[in-house]
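Observations on chain architecture
Each chain, letter by letter, is given below.
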Protein chains: 4
Amino acid sequence: MNSGDKKITWARQYMPVLSSIRERFEREQPFAGMTIGMALHVEAKTAVLVETLAAGGAEVHITGCNPLSTQDDVAAALNERPNIHCYAKRACSVEEYYAAIDRVLDAKPAVTIDDGMDLIHRIHTGRRELLESIVGGCEETTTGIHRLRAMANEGKLEFPVIAVNDTPMKRFFDNVHGTGESSLTAIMTTTNVLIAGKHLVVAGYGYCGRGLAEKASGLGARVIVTEVDPRRALQAHMDGFAVMTMDEAAALGDIFVTTTGNAGIITHRHFPTMKSGAILSNAGHFNVELEVDWLEEHADAVERRDGIDSYTIGGKTIHVLAEGRLVNLAVPKGMGHPIEVMDLSFAVQALSAEYIAKIGSTLPGGVYDVPNEMDERIASLKLAALGITIDTLTEEQVTYMTSWDIGT
Amino acid sequence: MNSGDKKITWARQYMPVLSSIRERFEREQPFAGMTIGMALHVEAKTAVLVETLAAGGAEVHITGCNPLSTQDDVAAALNERPNIHCYAKRACSVEEYYAAIDRVLDAKPAVTIDDGMDLIHRIHTGRRELLESIVGGCEETTTGIHRLRAMANEGKLEFPVIAVNDTPMKRFFDNVHGTGESSLTAIMTTTNVLIAGKHLVVAGYGYCGRGLAEKASGLGARVIVTEVDPRRALQAHMDGFAVMTMDEAAALGDIFVTTTGNAGIITHRHFPTMKSGAILSNAGHFNVELEVDWLEEHADAVERRDGIDSYTIGGKTIHVLAEGRLVNLAVPKGMGHPIEVMDLSFAVQALSAEYIAKIGSTLPGGVYDVPNEMDERIASLKLAALGITIDTLTEEQVTYMTSWDIGT
Amino acid sequence: MNSGDKKITWARQYMPVLSSIRERFEREQPFAGMTIGMALHVEAKTAVLVETLAAGGAEVHITGCNPLSTQDDVAAALNERPNIHCYAKRACSVEEYYAAIDRVLDAKPAVTIDDGMDLIHRIHTGRRELLESIVGGCEETTTGIHRLRAMANEGKLEFPVIAVNDTPMKRFFDNVHGTGESSLTAIMTTTNVLIAGKHLVVAGYGYCGRGLAEKASGLGARVIVTEVDPRRALQAHMDGFAVMTMDEAAALGDIFVTTTGNAGIITHRHFPTMKSGAILSNAGHFNVELEVDWLEEHADAVERRDGIDSYTIGGKTIHVLAEGRLVNLAVPKGMGHPIEVMDLSFAVQALSAEYIAKIGSTLPGGVYDVPNEMDERIASLKLAALGITIDTLTEEQVTYMTSWDIGT
Amino acid sequence: MNSGDKKITWARQYMPVLSSIRERFEREQPFAGMTIGMALHVEAKTAVLVETLAAGGAEVHITGCNPLSTQDDVAAALNERPNIHCYAKRACSVEEYYAAIDRVLDAKPAVTIDDGMDLIHRIHTGRRELLESIVGGCEETTTGIHRLRAMANEGKLEFPVIAVNDTPMKRFFDNVHGTGESSLTAIMTTTNVLIAGKHLVVAGYGYCGRGLAEKASGLGARVIVTEVDPRRALQAHMDGFAVMTMDEAAALGDIFVTTTGNAGIITHRHFPTMKSGAILSNAGHFNVELEVDWLEEHADAVERRDGIDSYTIGGKTIHVLAEGRLVNLAVPKGMGHPIEVMDLSFAVQALSAEYIAKIGSTLPGGVYDVPNEMDERIASLKLAALGITIDTLTEEQVTYMTSWDIGT
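In the annotation of an unreviewed UniProt entry, the entry for chain A reads Adenosylhomocysteinase, and the organism field reads Methanoculleus taiwanensis. In the Sequence similarities (unreviewed entry) part of its UniProt record, chain A is described as follows: "Belongs to the adenosylhomocysteinase family."

Bringing the overall build of chain A into the picture now. Looking only at helices and strands, one finds 16 helices and 15 strands in chain A. For 408 residues, the compact-globule estimate of 2.2 N^0.38 gives 22 Å, and the C-alpha radius of gyration of chain A, at 22 Å, lies within 12% of that figure. Among the 408 residues that make up chain A, the fraction classed as buried is 67%. Total accessible area on chain A is roughly 13200 Å²; 50% of this is exposed by carbon and sulfur atoms. Across chain A, the 36 positively charged side chains and the 54 negatively charged ones have centroids separated by 3 Å.

Turning our eyes to something else, we now look at the packing of aromatic side chains. Applying the stated criterion across every chain yields a total of 28 aromatic pairs over all chains. With a centroid separation of 5.1 Å and 90 degrees between ring planes, the pair formed by Tyr97 of chain A and Tyr98 of chain A is classed as edge-to-face. A residue is classified by how much of its surface remains accessible, and Tyr97 of chain A, at 5% relative accessible area, is buried. Ring centres of Phe271 of chain B and Trp294 of chain B lie 5.7 Å apart, and the angle between their planes is 35 degrees; on these two criteria the pair is classed as tilted. Within this pair, whereas Phe271 of chain B is found in the loop between β10 (255-258) and β11 (278-282), its partner Trp294 of chain B is found in helix α12 (residues 292-298), the two being separated by 23 residues in sequence. Among the residues examined, Phe271 of chain B registers a relative accessible area of 2% and is labelled buried. Site record: aromatic cluster; members linked through ring pairs are Phe172, Phe173 and Tyr207 of chain A. Residue placement shows Arg147 of chain B over the ring face of Tyr400 of chain A; its charged tip is 4.9 Å from the ring centre.

Moving on, we get to the UniProt feature "domain: S-adenosyl-L-homocysteine hydrolase NAD binding" (unreviewed entry) in chain A. Using the residue numbers shown here, the UniProt feature "domain: S-adenosyl-L-homocysteine hydrolase NAD binding" (unreviewed entry) corresponds to residues 175-334 of chain A. Annotation note: span residues 175-334 of chain A, helix share 34%, strand share 24%, distance between end C-alpha atoms 17 Å.

So, on to the state of the cysteines. Residues and elements named next belong to chain C. Tallied over the entire structure, the rule returns 0 disulfides over all chains. Of all cysteine sulfurs, the one in Cys65 lies closest to Cys138, which takes part in no disulfide; the gap is 14 Å. Look at Cys138 and you get buried, because its relative accessible area is 0%.

Facing 68 residues of chain C, the contacting portion of chain D comprises 68 residues. Across the chain C/chain D interface, buried area totals approximately 6300 Å², and carbon plus sulfur atoms make up 60% of it. Between Glu376 of chain D and Arg231 of chain C there is a salt bridge, with the nearest N and O atoms lying 3.6 Å from each other. Across the chain C-chain D interface, the total number found is 20 residue pairs in polar contact (both at pLDDT 80 or more). When contributions to the side of chain C that touches chain D are tallied by element, the ones reaching two or more residues are α5 (94-106), α6 (118-125), α7 (142-153), α8 (168-191), α10 (230-238), α11 (246-252), α15 (372-386) and α16 (395-402) of chain C. Broken down by class, the residue content of the side of chain C that touches chain D amounts to 32 nonpolar, 21 polar and 15 charged.

Moving on: a nonpolar patch on the surface. Side chains of Val228 of chain A together with Leu393 and Val398 of chain B sit close together on the surface and give an oily, nonpolar patch of about 220 Å² of accessible area. One can find Val398 of chain B in helix α16 (residues 395-402).

One non-glycine residue, Asn192 of chain A, lies in positive phi territory at about 65 degrees. By relative accessible area, Asn192 of chain A is classed as buried at 7%. Within the chain, Met117 of chain C stands out as a residue other than glycine whose phi angle is a positive 55 degrees. Along the chain, Met117 of chain C falls in the loop between β4 (111-114) and α6. The class of Met117 of chain C is buried, set by a relative accessible area of 3%.

The next subject is the interface of chain A and chain B. Contacts between chain A and chain B engage 68 residues on the former and 67 residues on the latter. Of the roughly 6300 Å² buried between chain A and chain B on both sides combined, carbon and sulfur atoms contribute 60%. Our count for the contact surface shared by chain A and chain B stands at 4 salt bridges. The partner of Arg231 of chain A in a salt bridge is Asp375 of chain B, and the shortest N-O contact between them spans 2.7 Å. Inspection of the region where chain A meets chain B yields 20 residue pairs in polar contact (both at pLDDT 80 or more). Every element with two or more residues in the side of chain A that touches chain B is listed here: α5 (94-106), α6 (118-125), α7 (142-153), α8 (168-191), α10 (230-238), α11 (246-250), α15 (372-386) and α16 (395-402) of chain A. With 8 residues, the single largest contributor to the side of chain A that touches chain B is α15 of chain A. A class-by-class count of the residues in the side of chain A that touches chain B yields 32 nonpolar, 21 polar and 15 charged.

Attention now moves to the relation of the copies chain C and chain D. Its rotation angle being 180 degrees, the transformation that places chain C on chain D also includes 0.0 Å of axial translation and leaves an RMSD of 0.1 Å. Taken together, the rotation and translation relating the two chain copies correspond to the operation of a two-fold axis. When the interface residues of chain C are mapped onto chain D, 100% of them again lie at the interface, so the same face is used by both copies.

Analysis parameters
- Residues numbered from 1 in each chain as written.
- Chains lettered and ligands numbered in written order.
- Predicted model: local features only at pLDDT ≥ 70, side-chain atom pairs only at ≥ 80, totals over all residues.
- Heavy atoms only, no water.
- UniProt positions renumbered as here; feature names shortened; annotations may be inferred.
- Helix = DSSP H or I, 4+ residues; strand = E, 2+ residues; numbered from the N terminus.
- Rg over C-alpha atoms; globule rule 2.2 N^0.38 Å.
- Buried < 20%, exposed > 50% of the residue type's maximum accessible area, 1.4 Å probe, protein only.
- Areas by Shrake-Rupley, 256 points an atom, 1.4 Å probe, with all protein chains shown as cover.
- Lys, Arg positive; Asp, Glu negative; His and termini not counted.
- Charge placed at Lys NZ, Arg CZ, Asp CG, Glu CD.
- Phe/Tyr/Trp six-rings, centres within 6.5 Å; stacked < 30°, edge-to-face > 60°.
- Lys NZ or Arg CZ within 6 Å of the ring centre and 35° of its normal.
- Disulfide = S-S within 2.5 Å.
- Contact = heavy atoms within 4.5 Å.
- Buried area = accessible area lost by both parts, 1.4 Å probe.
- Salt bridge = Lys/Arg side-chain N within 4 Å of Asp/Glu carboxyl O.
- Polar contact = N/O pair within 3.5 Å; in protein donor to acceptor, adjacent residues only side chain to side chain.
- Nonpolar A, V, L, I, M, F, W, Y, C, P; charged D, E, K, R; others polar.
- Patch = residues over 30% accessible without salt bridge, like charges linked within 9 Å, V, L, I, M, F, W, Y side chains within 5 Å.
- Least-squares fit on C-alpha atoms with pLDDT ≥ 70 in both.

This is how it looks when you write it as structure tokens:
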């Protein structure tokens, strides 16, 4: 086996939900005669999704959604499969990155699958000729969906897009457990520092932030949370974490992880008060949460290691992991989300793609939720794969839940 | 100080949010000339809410919402306050219980505040003459709201009711932390058993169930979760808990806590497979989750202790706490929810009552959510009381969050 | 059943280790013709130990070891049993307390069982005529053993005493889990405050302190640890807790629990900097850790509730639980250690009493460790009661562990 | 900077205790004119220890203690420093491995520092001519010390060796936190599987096992513990973990980690009952805990990935990480213990080396504990580096702790 195939084989064994969907796709061929364009992190788990879609009859064209997350051996292995075309290259230039996106679009996809809305953005801004033939799209990230909703609010989203991120399954498993475990692993394996006893600052207490906070705390960290939403802030407080402004946290933190999906979270206002040796990383989608540009311009010296840029400034050293990009993917040892988490998230993708392929042409432009039953069906498939049986409501219970005249 | 006043004074010091609302109510008199009818657990924390409403100009008539949760000394202390009338009596008969509800209604309340929809149910079924003068109501529990929605769906809810339970604040704090801590405390203080190492079965993995599971696990229990919803079941699994059917869990559990809000969760089907010494309790609203009636009828012998009924059946002994009623309130040593949690929940009540008093007459019958800003305002009041400052979005961040054309 | 018997029956069902020892004692009668004097907390669990010793042929005379921990109905139930004499009375005066100790000693015990060395202290200081007939003793607490070692070092301990506290079983289970759970339960059930989000200060990070810190943290508290030992302090830090001096902690804490076994932990130096509403409690043996006397003398006002004395001083209110005595026993709702924990601790007591009865007369005065095999045997009895089977070393493994010439 | 120096510089910034010791060594030159022989994992953190010893005047000769743990760039960087000679090479053959050990011994070290007693074993079995000039040694691991004690018991250990492992500092920090975090990180980064929801089997519940169990549980794993010691087994049970035999655990586990220090923990008896996809790893010292040889001989097929050997047997696949060697060091992405943990452990090494250099010649052969004050001093140095101040006993408290006649 070549190294790409070895990686894909490894991943496939821990993706039972996608396996069971693939079996059905092989029988039912929901994508027969259809082209799917994808811009996702090209690595082993994604490859299993790509295989699944191709098994359902699709011609798949795929490129990366982040310059640093492509695994070239996986890309090569994908290109050897029938009906699959991969254009991603690790550490490509910005020009190459966007050229690859255009190559995917050149295939005239009926369905797009995005992780950060690169395809959708490009179609709406530079490739509007494609709008006619597109049935619909799927978007993976919170950040992408946030943008899509803004577009839709302005009436500028011209085809239906399924918000794959916005499901209980994605929030509970991908955000909480996936981002939580993989970001910590990436930090630990890149820096070799101990988590126990450290002040770990988590910016943002959404699902990603909470997952990170709980797991870091489970390893022995003292977690500090920063938030802008008072209810989430209070939730973090009640969950046992210190809550404060980033101005206060900057001086206390040993390790920082941003998860807000917003820009300018840790900036030149905070660097001067930080401890020497502070480690900064980002687990949100875009590399806008840490003001790395400022450090690049103003640092007295920079020392670059694998996945770590160490900026000396005012006699102190501040370390930035993965240039402020998604830490769990972009550090050299980063593996991205754990396999089982992507099994669930990609199962939502696979079923969403099937859904939009079937009915997308009947829907007006806009952001659509994943149908609830679909999300629930995936949970059931996963429970079955785990060998777990759960209770079902009895008839009496259904009656009880829908009645209102049963007293105290 | 008499014992009721001592208790109220004790509670008041840990209710800073209600304190700050009371100060405003005293100035603004939002309930001037208005009667409020209440059916809540009559104990110290509720008394602080009652005081707050009365401080806002209301004439308050209150009774209990559970025969076992009334604290008579608190009821007496309330009755000594001007403009407050309390009819609750601990361990009253069913007739007395409903008579007290009628006495509250005799005062012709403009606003009702319920914990289990006793007032609303009574008005709609036996006191329909009051419908005319009622402006609106507030309902505290998940279970009550569930019923109200069923009523509304059938077009039978004739005035607007605020679903006080259905807010992030209530779910995060009352359900997760309040039910979690107080139910465990009630079990521990009633039985004196060790939690560490025990198989603790939690039926239902909603907010209450998850809070219980996490806190029991934090004390060293091995938690088993039963669920009917596949996504919640999977969430429990990923959170590290064993998930199975109640049929399987029955044989393994040392301690059982139901939190489903549904009926017939632990029944005669499960009793025969249980270990001798198993402890059964309910943290859901109504005493329908455990089939206590069946045990009462079929047990070979019953031994009654304070808060514990021990049923001998087939050579084994099964213990039921608080007759299957809300364990955190109904055991003799039960204190109900922790004070700080009720400060938040009752702050929602106080502001909801103010809101419905102001605009209820303009709304059609139905269940209404607590306005989001109101819920958020309470979080801010609590953070201020804790001395916690949080970040606010910068202008650039607001722009970033609402724009969609900023690329990778 | 009378209420004392109900309590004893309740406890007995969760004490399987003592049950199996009792069965053997009934057959073997190790204490035939012997008198045992005891000064322990007289409540249900202790009664099961007393029964076990009496079942082994002993004449047992028992009194309390703390004025507030006696349960009078249990004392009454014990007195109705043959060969058992109980002199304990709840809330007795100091004179009555010591008179009861003398009544136990009047029975000329061959073996003493202490929890705080009251019997041994009294014998050595005022009843030296008994020294001749005493075979040996057992001491339950860390504090008592500490004192006994000091006595032994000065050559003043005149008979052999088994340090029942100083076993892995006692430290792991009684200290960590027993003190941890029961102290938190006592605090929660007495004050009704929420633990989640609170700053909980634990003084001392020995086994008791660590158990408390971990369990409080598991409920959502933010734990602060104070220590005098640098290694324990660092251990607490690495376990994720804030570590600081009590001077610093005093200003931050919402709830304080002392577990040091030492005196003067929280004093008039700390009171002025505390928050109003701070709650102080002690989980160490003696009521010397909190300087309650100073508050009694200097407070502007005192308000007394069940188990809580609230001191107003300088406009602030500081609450002391159980007068600074052992919080898990001495608050009105306190149940003492969980039953299963006392099953293990009292199993050590029962086997230690058997051991000292058999060979005590051959040993010189001094403090003796519980034989390791005895402690281990109790663990095996408990595992058997739990239905847990563990591995045993194979012959090859024994060889491997004892050899040194097997290379890399 | 070359890559070895970059790594050493990175490590040095998180090793404040060794820094402060180095400053003193530079002044005091405790090893002036002395040769130190070392066999440790040759990577960045060890290099900081080597620098520290050389700064104290020693001529240091060092090789590896595990064929897979050497980092060649660090070895090269060490060789460029004055007075330091490094013979380690990654992936060297067994012959090269032992030849390098002999090269270290050729330098006639006065003091040996071992991690697995390779030097000491070689001296006693094949290089006995060196016994004369050796002052003493230090041994890092539990396993090595276990063997040394066996040697000493047989009267065959001919010089004094400090048991560096046997200190509270080493057990609390290196074993619990170091092994715990780094083993999990190594497993996660090598396999990319999710920990949450997994059955993770920990063999052995000593300090390493407990650290692993707690941290894995903190990430969401369901932990199963196997043990041979009944008290540790019961401790694991009370800490909330499932306890069973390996025969039972084999069928349930998704991930296995051995930490026993013994041989034959997971063997051909267990492989047939395992799930397909089970992941096996070892966090104990030697590669004897997993019966990898048997799999190599009997598997139907083997697929080798970086750090993972996948054995197909009877239709199932079983994955072994790092050939059953120390997983945190021997997987390709393994970083060994976290830096801060090695700062403490190597501080014990540095002070132990200084101690044995000073007084080793006066001691008979045998295993010696690290002096308690030395261990405590390191804790104080670390607390100082963290900026943490702790309490000190007052005179009254010292008196209280040493007196025995202060009553209840």
